[in-house]
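These are the residues of each chain, in order.
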Amino acid sequence: MNKTQLRSTLLLLFGSLIWGSAFVAQSVGMDYVGPFTFNAVRCLVGTLVLIPCILFIDHWKKKKGLSSQKPVTKEEKKTFLMASLICGIALFAATTFQQVGLVYTTVGKAGFITAMYIVLVPVLNIFLHKKAGLRIWICILVAVVGLYFLCITEDFTIQKGDLLMLGAAFMFAIQILAISHYAPKVDNLRLSASQFLVTGLISLVIAFLVETPILKDILSAWQSILYAGVLSCGVAYTLQIIAEKDADPAIASLAMSMESVFSLLAGWVVLGQMLNTKEFIGSGLMFLAIVVSQLPGKKKAVS
């Protein structure tokens, strides 16, 4: 691993720490506001945080002579608009499933189930004509067994919150594939800000339709909203976009999978939420599947 890849991996680990602990902020924040209101405010805060960063970097590049002198073409504008909409809509769906799901499940379980996106990404790649090997399918089987231990109750039903988290995992996988596709083609910070703007605006519209956003309640949740908005949105997702350009894909996925462990620790330390023995076994199996699915395979010998 070279220095650039090491830096990218450390950035992703830090992002995973933020995401894992942000589950606590998301859970506590909904003691005061509804899920759509929470997502709307935190994503719009994340957008506002990134605007001065974009302006500063633009000024720095111009001063160093690193900015491109070529005018932006219509095709480039169209690509950026499509990237913003696709990534923003996918992120809206993922965060909505996740935020609503936190009402019905614990922080630790939410983190492990959400982390299933790492296993789902190579499966979804099949639709992009990229094969998933035998190891991936074995990991999926192990993850499903882990989900059984973690989520299925004694009467063989899955709790509402866990099902919503599975939906979040699927949509996060879609969002990651979209980011991977567009990150080399557009400005990374602008893409991060624009996807949050799209997510925030959609959430805001729905919040006024199905909830009753009240400024007093939003201010009561200011600590949770600022943590989720400034750090989880403004910092962690931007680190993801920047780091994915240079990180080894397998190592990057392993670093991001630590989000589940950090969420479990945060739920235990801050909220006193603990998993029972059956849920610990399920979490262990899921984490094993996530890690093994991302280990580099054997290189084929060149004849």
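Our structure is the block above this text.
Residues numbered from 1 in each chain as written. Predicted model: local features only at pLDDT ≥ 70, side-chain atom pairs only at ≥ 80, totals over all residues. Heavy atoms only, no water.

Caption draft 1: View of the overall build of the protein chain. Counting its regular elements, the protein chain contains 12 helices and zero strands. Considering only intrachain contacts with a sequence separation of at least 6, the fraction spanning at least 24 residues in the protein chain is 90%. Counting only carbon and sulfur atoms, one obtains 70% of the accessible surface of the protein chain, whose full area is about 15800 Å². (Helix = DSSP H or I, 4+ residues; strand = E, 2+ residues; numbered from the N terminus. Contact = heavy atoms within 4.5 Å. Areas by Shrake-Rupley, 256 points an atom, 1.4 Å probe, with all protein chains shown as cover.)

Caption draft 2: Fine view of the nonpolar core. Formed by 29 residues in total, the largest nonpolar core has its most connected members in Y117, F172, F196, Y237 and M256. Of all the elements in the fold, those that place two or more residues in this core are helix 1 (3-29), helix 2 (35-64), helix 3 (74-101), helix 5 (117-124), helix 7 (160-182), helix 8 (188-210), helix 10 (222-243) and helix 11 (249-271). Among the elements that make up this core, the one with the highest residue count is helix 7 (six residues). Leave out the neighbours within four places in its chain, and F172 touches L91, A94, T95, Q98, T114, Y117 and Y237. (Core = buried A, V, L, I, M, F, W, Y, C linked by side-chain atoms within 4.5 Å. Buried < 20%, exposed > 50% of the residue type's maximum accessible area, 1.4 Å probe, protein only.)

Caption draft 3: Spatial organisation of helix 8. The terminal C-alpha atoms of helix 8, which comprises 23 residues, lie 33 Å apart, in line with the 33 Å expected from a rise of 1.5 Å per residue. The residue sitting at the N-terminus of helix 8 and contributing the capping side-chain oxygen is D187; that oxygen lies 3.3 Å from the backbone nitrogen of L189. (Expected span 1.5 Å × (residues − 1). Polar contact = N/O pair within 3.5 Å; in protein donor to acceptor, adjacent residues only side chain to side chain.)

Caption draft 4: Representation of the pattern of salt bridges in the model. Scanning all chains against the criterion turns up two salt bridges. The residue D58 makes a salt bridge to R190 at a minimum N-O spacing of 2.4 Å. Separated by 132 residues along the polypeptide, D58 in helix 2 and R190 in helix 8 bring together distant segments of the chain. With a closest N to O distance of 3.7 Å, R190 and D187 form a salt bridge. For R190, a relative accessible area of 31% puts it in the partly exposed group. One salt-bridge network, held together by shared partners, links D58, D187 and R190. (Salt bridge = Lys/Arg side-chain N within 4 Å of Asp/Glu carboxyl O.)

Caption draft 5: Here's a closer look at helix 4 (residues 107-114). Among the eight residues that make up helix 4, eight are buried, leaving the element largely enclosed by the rest of the structure. Turning to helix 4, its buried residues are V107, G108, K109, A110, G111, F112, I113 and T114.

Caption draft 6: Region of the structure containing a nonpolar patch on the surface. Side chains of L265, W268, V269, V270, L271, M274 and F280 sit close together on the surface and give an oily, nonpolar patch of about 680 Å² of accessible area. When you line up the elements, W268 lands in helix 11. Since its relative accessible area comes to 47%, W268 is described here as partly exposed. (Patch = residues over 30% accessible without salt bridge, like charges linked within 9 Å, V, L, I, M, F, W, Y side chains within 5 Å.)

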